[in-house]
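# Analysis of the macromolecular model
Next come the chains, spelled out residue by residue.
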Amino acid sequence: MLAQRPPMGWNTWNTFGKDINEELVMQTADAMVEKGYLAAGYEYLVIDDCWSLPERDADGNIVPDPEKFPHGMKYVADYVHSKGLKFGMYSCAGTRTCAGYPSSYAHEYRDARMFAEIGIDFLKYDFCYFPQHGDCKHAYITMSMALKSTGREILFSACNWGKEEPWNWMRSVGAHMYRSTGDINDTFVSYKDILDSQIDKFAMSAPGCFNDIDMLICGMYGKGFVSFNNGGCNDEEYKSHFALWCLFGAPLMIGGDIRNMNDLTRELLQNKELIAIDQDEECRPPFEVHSNHWFDADTRKFVKHLSGNEYVLAIFNTCPAERKLELSFDAIGVTTESGCGFELRDIFSGEEMTRFDNLYVDVPPHGVRMFRAKLISK
Ligand code: GLA
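Here the structure is a predicted model, which means the values were calculated and not measured. (Residues numbered from 1 in each chain as written. Predicted model: local features only at pLDDT ≥ 70, side-chain atom pairs only at ≥ 80, totals over all residues. Heavy atoms only, no water.)

## A closer look at the pattern of salt bridges
Our working rule: In the sections that follow, a salt bridge refers to a side-chain nitrogen of Lys or Arg positioned within 4 Å of a carboxyl oxygen of Asp or Glu. Throughout this description, buried means an accessible area under 20% of the type-specific maximum (1.4 Å probe, protein chains only), exposed means over 50%, and partly exposed covers the range between. For helices the rule is a DSSP run of H or I covering at least 4 residues; for strands it is a run of E covering at least 2, with both sets numbered from the N terminus onward.
On inspection of all chains with the given rule, the structure shows 24 salt bridges. In this structure, Arg 259 engages Asp 257 in a salt bridge whose closest nitrogen and oxygen atoms are separated by 3.0 Å. Accessibility expressed as a relative area gives 15% for Asp 257, which makes it buried. We note a salt bridge from Arg 372 to Glu 310, for which the minimum N-O separation is 2.7 Å. Of the two residues, Arg 372 sits in strand 16 (residues 368-377) while Glu 310 sits in strand 11 (residues 310-317), which places them 62 residues apart along the sequence. Owing to a relative accessible area of 18%, Glu 310 belongs among the buried residues under this scheme. Linked by salt bridges that have partners in common, Lys 192, Asp 193, Asp 196 and Arg 300 make up one network.

Encoded structure:
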């Protein structure tokens, strides 16, 4: 079964946009292995938009741009596979890709055959230039069936940015993940808004088909295609971004330049505890604690049930100032008369504590405090 857990990998788009080529892809494949990303679980290397010539050839086939990929795509796919990685590519349900290249509307079976011949294991399928009276669901089930018809196991990564509430039907057309929002950019507001829009949409994100809240921006520091050359996020913000994607069990597709990540970003992206939370076998979305108290403005609080009777408690401070924040145990179902509390371990500092009387902690500006927890009785 594909996508038993949220898919993990790397995608060219966030940093490189149209500036992609064989050398970049092969160097990244090397780096994914040598720098420990594959061992940490990042197995898909995906080439996004801008890989082809601007027009199909006389036979109607999409042709890889020979300047960018002088040895063709099979050569690249074989190299990626030789490293023990899986290889992904990109097309679009409309008449053109978002960057204006030929795409698969009314060419689904022809293109799926080409992708299978190249040897892809993953197809990202976008939604630009979709005909005005086209049927979105039909477009996605058609490419899903076209991929199936090749006989090759190909993870179908649908990307329609939340159009027609994909959380209600993408699973039924055979997609293995579906983008539920518009594009992320390298700012705190971008990833916070994306998360806010999906907090109550994760019930349908489960083995076989996951809600994809877009690729990671960790370690971009304002460089690249979805940045504004303004320095990007700070380290605390990258930390909460990654931790929250893991808390929600979202697909983890790295968008930075894997070849040149600093140690902090590499350690964050390879944080075993966070990845284990993302990949937990029960794949449960976190439960959000709602509170109308004025003090809880600009705060998100969650408990996530993990397998093995463990939990994650998380407090996200969306304010640009440090605050002392409280997570009420009663609000997450551990009432005062229960006599129960939690043994807690801070996922970032390793600090351990036992609490029977709520969690009350300092949370950095735009930061998240996250604890692995065991329920205990007095
Ligand atoms: C859309 C998608 C992005 C990326 C670009 C490529 O905007 O949402 O993730 O694939 O297209 O053009």
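We are not done yet, so read on.
## A look at the state of the cysteines
Covalent bonding between the sulfur atoms of two cysteines defines a disulfide. Operational definition: Pairs of cysteine sulfur atoms within 2.5 Å are what we label disulfides.
Under the definition given, this model contains one disulfide. Disulfide pairing is shown between Cys 98 and Cys 128; the S-S distance is 2.1 Å. Judged by the sign of its S-S torsion, about 95°, the bond between Cys 98 and Cys 128 is right-handed. Highlighted residues: Cys 98 in the loop between strand 3 (86-92) and helix 5 (108-118) and Cys 128 in the loop between strand 4 (122-126) and helix 6 (136-149), separated in sequence by 30 residues. The exposure class of Cys 128 is buried, given its relative accessible area of 16%. Take Cys 159: it sits in no disulfide, and the sulfur closest to it among the cysteines is that of Cys 98, at 7.1 Å. Given the relative accessible area of 1%, Cys 159 is considered buried. The cysteine Cys 319 is free of any disulfide, with Cys 233 supplying the nearest cysteine sulfur at 16 Å. Owing to a relative accessible area of 16%, Cys 319 belongs among the buried residues under this scheme.

## Re the sheet that holds strand 7 (residues 210-212)
Under the convention used in this document: In this scheme, strands are said to pair when DSSP sees at least two bridges between them. Axes, fitted as lines to C-alpha atoms, cover a helix only where it is in contact. Angles between the N-to-C directions of the axes lie from 0 to 180 degrees.
The parallel open sheet is built from eight strands, whose spatial order is 7-6-5-4-3-2-1-8. The sheet is open, and its two edges are formed by strand 7 and strand 8 (252-254), each paired on a single side. Pairs of neighbouring strands in the sheet enclose a mean axial angle of 25°, with direction left out of account. Sheet topology places strand 6 (residues 177-179) next to strand 7; three bridges connect them, and they run parallel.

## Structural notes on the sheet that holds strand 14 (residues 352-355)
Which entries qualify depends on this criterion: We call two residues in contact whenever any of their non-hydrogen atoms come within 4.5 Å of each other.
Strand order in the open sheet formed by six strands is 9-10-11-16-13-14, with antiparallel pairing between adjacent strands. Of all the strands in the sheet, just strand 9 (287-289) and strand 14 have a single pairing partner and so form its edges. Going from strand to strand, the sheet's axes swing by 25° on average, the running direction of each strand aside. As paired strands, strand 13 (residues 340-346) and strand 14 are joined by four bridges and run antiparallel to one another. By the bridge assignment, Glu 343 is partnered in strand 14 with Thr 354. Seen against the sheet, helix 8 (residues 235-247) touches strand 10 (299-305), strand 11 and strand 16 and runs at an angle of roughly 45° to strand 16.

## Remarks on the side chain of Asp 65
Spelled out, the test is: The convention is simple: Lys and Arg are positive, Asp and Glu are negative, and His and the chain ends are not counted.
Inspection of the secondary structure puts Asp 65 in the loop between strand 2 (44-46) and helix 4 (72-82). Although Asp 65 is buried, it makes no salt bridge; Lys 68 carries the closest opposite charge, 4.5 Å away. Ignoring any residue separated from it by four or fewer positions in sequence, one finds Asp 65 in contact with Trp 51, Ser 52 and Leu 53.

## Focus on a nonpolar patch on the surface
Heads up, the condition is: Residues enter patches when their relative accessible area tops 30% and they take part in no salt bridge; the joining distance is 9 Å for like charges and 5 Å for the nonpolar side chains Val, Leu, Ile, Met, Phe, Trp and Tyr. Using a 1.4 Å probe, accessible areas were evaluated by the Shrake-Rupley method; residue-level cover was limited to the displayed protein chains.
A cluster of nonpolar side chains, namely Tyr 109, Ile 141 and Met 145, defines an oily patch on the protein surface of about 260 Å² accessible area. Structurally, the position occupied by Met 145 is in helix 6. A residue is classified by how much of its surface remains accessible, and Met 145, at 44% relative accessible area, is partly exposed.

## Regarding the site of the ligand
Condition: Only a single heavy atom is needed: when it lies within 4 Å of a molecule or strand, its residue is near that molecule or strand. Residues adjacent in sequence count toward polar contacts only when both atoms are side-chain atoms; beyond that, a polar contact is any pair of N or O atoms within 3.5 Å, and within protein one must be able to donate a hydrogen and the other to accept it. Side-chain classes follow a simple rule in which Ala, Val, Leu, Ile, Met, Phe, Trp, Tyr, Cys and Pro form the nonpolar group, Asp, Glu, Lys and Arg form the charged group, and the remainder, Gly included, forms the polar group.
Around the ligand lies a shell of 13 residues, among which Asp 48, Asp 49, Lys 124, Asp 126 and Asp 183 are the nearest. The contact in question runs from an oxygen atom of the ligand to an N or O atom on the side chain of Asp 48, over 2.6 Å. When the ligand sits alone it has 300 Å² of accessible area, and the protein chains cover 93% of it. When its residues are assigned to classes, the shell around the ligand shows seven nonpolar, no polar and six charged.

## Quick word on helix 5
Restricting attention to buried positions, one finds in helix 5 the residues Glu 108, Asp 111, Ala 112, Met 114, Phe 115, Ala 116 and Ile 118. Those residues of helix 5 hidden inside the fold are in contact with helix 4, strand 3, strand 4 and helix 6. The positive-phi residue at the C-terminal boundary of helix 5 is Gly 119, with phi of around 100°.

Purely geometric stuff here, so don't read any function into it on its own.
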